[in-house]
Amino acid sequence: MVEAPDRVARIQAEWRRERPDLDVSPQGVIGRLHRLAAHLTEELREVYTRHGLGEGDFDVLAALRRAGEPFERSAGELAEHTMVTTGAMTKRIDRLERAGLVTRRVSETDARGRVVALTPAGRDLIDRAFTEHMANEHRLQEALSPDEARQLEALLVKWLGQFE
């Protein structure tokens, strides 16, 4: 049985017809990665939503949980660990603080800085959400054999290293 061409293959065929002077082969990888990322993001967000979180909220709580006892980081560190601006981080922290999931205090080493910490409720929530998140990621990766997943990871590490 021959599989029908996917959307990316159809787009490539159209470009090959219209612009035979260009090599459109990168679309085969980049186009599919872009489409796959959109599908995966949607699937991941469903778990966050079930726990009353947005993607950014999940990222902040996860960054605090990964810090280990006492589960706190400066606001600047959180911005680095979640790759958002400090302004965006302030809005996230405000929202999480109002929800009782984090607390904020003045830094002992820099009176201008703030330290954000998980509350017991925040730790409980991120532990539950992360457990479900990992189960979801395992489910999403089931289409690949363990060997294929390792190969893909190695390729992605190599490629991402070019940018980071």
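Each remark here, short or long, concerns the structure printed above.
Here is a short report on the structure shown in this document. Predicted model only: the values in this text are computed from it and were never measured.

Scoring rules and cut-offs
Residues numbered from 1 in each chain as written. Predicted model: local features only at pLDDT ≥ 70, side-chain atom pairs only at ≥ 80, totals over all residues. Heavy atoms only, no water. Pairing = 2+ DSSP bridges. Helix = DSSP H or I, 4+ residues; strand = E, 2+ residues; numbered from the N terminus. Axes fitted to C-alpha atoms, helices over the stretch in contact; angles between N-to-C directions. Contact = heavy atoms within 4.5 Å. Salt bridge = Lys/Arg side-chain N within 4 Å of Asp/Glu carboxyl O. Buried < 20%, exposed > 50% of the residue type's maximum accessible area, 1.4 Å probe, protein only. Expected span 1.5 Å × (residues − 1). Arc of directions from axis to C-beta. Core = buried A, V, L, I, M, F, W, Y, C linked by side-chain atoms within 4.5 Å. Parallel < 35°, antiparallel > 145°, perpendicular 65-115°, else oblique. Left-handed = near helix turned anticlockwise from the far one by under 90°. Nonpolar A, V, L, I, M, F, W, Y, C, P; charged D, E, K, R; others polar.

**Brief notes about the sheet that holds strand E1 (residues 72-74)**
The strands making up a sheet are joined through hydrogen bonds of the backbone, oriented either antiparallel or parallel.
Stage number 1. Here we have three strands laid out as an open sheet, ordered E1-E3-E2, and antiparallel in their pairing. What marks the edges here is a single partner per strand, and that holds for E1 and strand E2 (102-106). Between one strand and the next, the sheet's axes are offset by a mean angle of 25°, whatever the strand orientation.
Stage number 2. Helix H3 (residues 55-66) contacts E1, E2 and strand E3 (114-118) of the sheet and is inclined by roughly 90° relative to E3.

**Considering the pattern of salt bridges**
Stage number 1. This model, assessed by the stated rule, comprises 15 salt bridges.
Stage number 2. A salt bridge links Asp-127 to Arg-65; its shortest N-O distance comes to 2.7 Å. With Asp-127 in helix H6 (residues 120-140) and Arg-65 in helix H3, this residue pair connects regions lying 62 residues apart in the sequence.
Stage number 3. Residue Asp-127 is classed as partly exposed on the basis of its relative accessible area of 30%.
Stage number 4. Ionic pairing is found between Arg-104 and Glu-97, a salt bridge with its closest N-O pair at 2.6 Å.
Stage number 5. For Glu-97, a relative accessible area of 31% translates into the label partly exposed.
Stage number 6. What emerges from the salt-bridge pattern is a single network uniting Arg-65, Glu-69, Arg-123 and Asp-127.

**Observations concerning helix H5 (residues 86-98)**
Residues spaced three or four apart along an α-helix face the same direction, because each turn holds 3.6 residues.
Stage number 1. In a regular helix each residue adds 1.5 Å, so 13 residues correspond to 18 Å; H5 covers 18 Å between its end C-alpha atoms and thus fits that length.
Stage number 2. By the burial criterion, the buried members of H5 are Met-89, Arg-92, Ile-93 and Leu-96. Down the axis of H5, the smallest arc covering the buried residues is 100°, so these residues share one side. Residues of H5 that are exposed and point more than 90 degrees away from the buried face comprise Lys-91 and Arg-98.
Stage number 3. Of the residues one or two after H5, Gly-100 is the one with positive phi, at around 80°.

**Section: the nonpolar core**
Stage number 1. Membership of the largest hydrophobic core comes to 22 residues, with the highest contact counts inside it found for Leu-53, Phe-58, Leu-61, Leu-64, Leu-78, Val-102 and Leu-118.
Stage number 2. Among the elements that make up this core, the one with the highest residue count is H3 (six residues).
Stage number 3. Setting aside anything within four residues of it in sequence, one finds Leu-118 in contact with Leu-61, Leu-64, Arg-65, Phe-71, Leu-101, Val-102, Arg-123 and Ile-126.

**A word on unusual backbone geometry**
Stage number 1. In this chain, Glu-69 is followed by Pro-70 through a cis amide linkage whose omega measures 5°.
Stage number 2. With respect to the helices and strands, the residue Pro-70 is situated in the loop between H3 and E1.
Stage number 3. In the Ramachandran plot, Phe-71 falls in the positive-phi region, its phi being about 60° despite a non-glycine side chain.
Stage number 4. With respect to the secondary-structure elements, Phe-71 resides in the loop between H3 and E1.

**Some thoughts on the packing of H3 against helix H4 (residues 75-82)**
Stage number 1. Running from amino to carboxyl end, H3 crosses H4 at an angle of 110°, the nearest separation of the two axes being 10 Å. Our classification of the angle between H3 and H4 gives roughly perpendicular. Note that H3 runs across H4; the crossing there is right-handed. Across the interface between the two elements, Asp-59, Val-60, Ala-63, Leu-64 and Arg-66 of H3 pack against Leu-78, His-81 and Thr-82 of H4.
Stage number 2. Class assignment of the residues belonging to the contact of H3 with H4 gives a composition of four nonpolar, two polar and two charged.

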